[in-house]
Amino acid sequence: LEAGLADEVRDRRAAEVMRDTKDASREADLRSGLNALCQDLAHHKTIYGTTKDEHKNQINRCIHDLHLLAGGVQRVTQAWTTVPLGNLQTSDVNGSSAGVCPGGSK
């Protein structure tokens with residue numbers, strides 16, 4: 001009876017040690033996974049911030065280009081208003097009066 005009891009105590013202690021080892025191993029794996037996840041998240045945050053800044057700069061450059069384009073169109077429009085319309089009349093190849101269509105119809 002004493003030998004059987006000693007065997008049972010030894011088996012239970014060994015099982016406890018195995019369980020503790022499994023728990024410690026599982027905890028280390030979880031901590032390792034959590035650390036990897038945190039590093040990955042930090043990396044993605046950095047990439048997100050960089051991409052956001054690049055997009056902001058590109059949008060600002062596009063807005064600047066649109067302002068330049070609008071200014072150019074405005075200057076062309078102002079130039080057209082100062083041009084006398086009489087200078088824009090055309091004549092056909094034979095030198096007849098302005099406004100005559102090439103087919104001879106008016």
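Scoring rules and cut-offs
Residues numbered from 1 in each chain as written. Predicted model: local features only at pLDDT ≥ 70, side-chain atom pairs only at ≥ 80, totals over all residues. Heavy atoms only, no water. Helix = DSSP H or I, 4+ residues; strand = E, 2+ residues; numbered from the N terminus. Buried < 20%, exposed > 50% of the residue type's maximum accessible area, 1.4 Å probe, protein only. Patch = residues over 30% accessible without salt bridge, like charges linked within 9 Å, V, L, I, M, F, W, Y side chains within 5 Å. Areas by Shrake-Rupley, 256 points an atom, 1.4 Å probe, with all protein chains shown as cover. Salt bridge = Lys/Arg side-chain N within 4 Å of Asp/Glu carboxyl O.

A. Spatial organisation of the overall build of the protein. A tally of regular secondary structure across the protein gives 1 helix and 0 strands. Within the span of the protein, comprising 106 residues, buried residues form 1% of the whole.

B. Representation of a nonpolar patch on the surface. On the surface, Leu 66, Leu 69 and Val 73 cluster together into a nonpolar patch covering about 300 Å² of accessible area. Along the chain, the position of Val 73 falls in helix α1 (residues 2-82). Classification of Val 73 as partly exposed rests on a relative accessible area of 48%.

C. Layout of the pattern of salt bridges. For the structure on display, the rule yields 5 salt bridges. A salt bridge links Asp 7 to Arg 10; the shortest N-O distance between them is 2.3 Å. You can see Asp 7 and its partner Arg 10 sitting in helix α1, 3 residues apart, about one turn around the helix. For the salt bridge of Asp 20 with Arg 19, the shortest nitrogen-to-oxygen distance reads 3.7 Å. Given the relative accessible area of 48%, Arg 19 is considered partly exposed.

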